[in-house]
Amino acid sequence: MSGSTFSMDFDAHAGRSPGRPWWFSVAACAALMLAVPQFGDTALQLDLSLVMILSLLALSMGFLWGYVGILSFGQTIFFGLGGYAYALFSLNTDLPLAAFALAAVVPMLFALLLGYFMMYGRISDIYLSVITLVVTLIFEKGVRATSGPEYVIGSVRLNGQNGIPGLPGLPLRIGPLDLQSIEGIFYLALGLLALAYIGIRLFLASAPGRVMVGLRENERRMELLGYDSRLYKLMAFVIAGGLAGLSGGLYALWGNFVGPEMFSLNQAAMVVIWVIVGGRSLLLGAIIGTLLIQYLTTWLGTVGVGQVTLTLGFILILCVLLFPQGLVPACRSLFGRLLPRRREGGD
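Every chain's residues receive numbers from 1 upward, in the order its sequence appears when written. Whole-chain, interface and lining totals are the exception, using all residues; otherwise, since this is a predicted model, local features are given only for residues with pLDDT of at least 70 and side-chain atom pairs are given and counted only at 80 or more. Hydrogens and water molecules were not included; the side-chain quantities draw on all heavy atoms of the structure.

Caption draft 1: Representation of the overall build of the protein chain. Every helix listed is a DSSP run of H or I at least four residues long, and every strand listed is a run of E at least two residues long, numbered separately from the N terminus. Each helix and strand counted, the protein chain has 14 helices and six strands in total. We take the radius of gyration over the C-alpha atoms and set the globule estimate at 2.2 Å times the residue count to the 0.38 power. Expected size for 347 residues packed as a compact globule is a radius of gyration near 20 Å; at 21 Å, the protein chain falls within 12% of this value. Across the 347 residues that make up the protein chain, the buried fraction comes to 47%. Only the protein chains shown count as cover for residues, and all accessible areas are computed by the Shrake-Rupley method using a 1.4 Å probe. Of the roughly 16700 Å² of accessible surface on the protein chain, 66% is carried by carbon and sulfur atoms. Of the charged side chains in the protein chain, 20 are positive and 17 negative, and the gap between their average positions amounts to 10 Å. Think of it in three bands: with a 1.4 Å probe and only protein chains considered, a residue is buried below 20% of the maximum accessible area for its type, exposed above 50%, and partly exposed in between. Counted as positive: Lys and Arg. Counted as negative: Asp and Glu, with His and the chain ends omitted from the count. Every charge is mapped onto a representative atom, which is NZ of Lys, CZ of Arg, CG of Asp or CD of Glu.

If you want it as structure tokens, here you go:
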């Protein structure tokens, strides 16, 4: 069955404009999520808000790795930069709306700087992964070492591993909805995740997006066709950095707190795991992978499993061995095989 007629095939044929089934599926999912605050309790809204915020971070990795072929361990760099940019600017200027915009701008500028030296330096893929991993460690260790009173930006202490608490919310109302409330954060995270998902999908159907997918398939051939691979890879790196930074800004709003764990190696590994489990060949895989892993982590904690990390690691190994392409592509393939058989049988 073709991807254009299979409603669950959200991301198939990324080089083409999405069809009506794709739009219908996205609208149905959005409508379902919009109803959650009306029927779910506060705890559910908080949990789902966090899942959507982290899904935005995973989406940046899914785009960069799955469609451009760049495996970066540096998405948590931009995630942390976005959170700290919001925290420092909002507390120093009392302009949270401008600070939230900077949560995306500052990581994009750093991605532009770091990516320029890597892309135009013709760093190979494996060394690019190593460099981003090292920069992640540098940021984490650097922020943790700022516990002394001398580490101040403006009037705000960095507080080292204790982080920066008491961050302001967004003083903005959309009709009766207050974006400083739990419900407001939920809808804000949902709206930005939906916009990012749709925006990336449409971008991949554009000419620059098709070039980026072509670079993943055969970079040398694309260069022979006249495309500057360095420019397009840098563009993808900056876009992914902006998405991760936006996720960091949302995380700061959600918890009213930022800390060095946003830069941590553990968080960097989790982003990769989310994408692997869900499937890096589909944008939807990053979102589903984040949802499943976050739910599984919470469930293992509530049932009293002592070694949550060890148990989770064992489950993830089995998942990767059984579904090497990810859960979402595996389910799509299964449905694609079963539905034609049902049609042949007259169902």
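Caption draft 2: A look at the confidence of the model for the protein chain. When pLDDT is averaged along the protein chain, the result is 88, and 92% of the positions lie at 70 or above. The model gives residues 1-12 a pLDDT under 50, and that stretch makes 33 contacts with residues more than four places away or in other chains. How sure the predictor is of each residue is captured by pLDDT, a score from 0 to 100. Contacts are assigned to residue pairs that have any heavy atoms within 4.5 Å of one another. The model gives residues 342-347 a pLDDT under 50, and that stretch makes two contacts with residues more than four places away or in other chains.

Caption draft 3: Fine view of the environment of Pro260. Counting through the fold element by element, Pro260 comes out in the loop between strand E6 (257-258) and helix H11 (265-278). Residues Pro260 and Gly175, 85 residues apart in the sequence, show an inter-C-alpha distance of 36 Å. Those residues within four positions of Pro260 in sequence are excluded, and the remaining contacts are Tyr84, Glu140, Val143, Arg144, Gly160, Gln161 and Gly163.

Caption draft 4: Focus on the state of the cysteines. When the sulfur atoms of two cysteines come within 2.5 Å, that pair is taken as a disulfide. In total, this model carries zero disulfides according to the counting rule given. Just so you know, Cys29 is unpaired, no disulfide at all, and the nearest cysteine sulfur is the one on Cys331, 14 Å from it. Overall, the relative accessible area of 39% leaves Cys29 in the partly exposed class.

Caption draft 5: Inspection of helix H10 (residues 229-255) at higher detail. For a helix, the expected span equals 1.5 Å multiplied by the residue count minus one. For H10, spanning 27 residues, the distance from its first C-alpha to its last is 39 Å, which sits close to the expected 39 Å at 1.5 Å a residue. With 21 of 27 residues buried, H10 lies mostly within the body of the structure. Any pair of N or O atoms that falls within 3.5 Å is considered a polar contact. Within protein, one atom must be able to donate a hydrogen and the other to accept it, and sequence-neighbouring residues count only if both atoms are side-chain atoms. At the N-terminal boundary of H10, the capping side chain belongs to Asp228, with an oxygen 3.1 Å from the backbone nitrogen of Arg230. Of the residues trailing H10, Asn256 is marked for its positive phi of about 50°.

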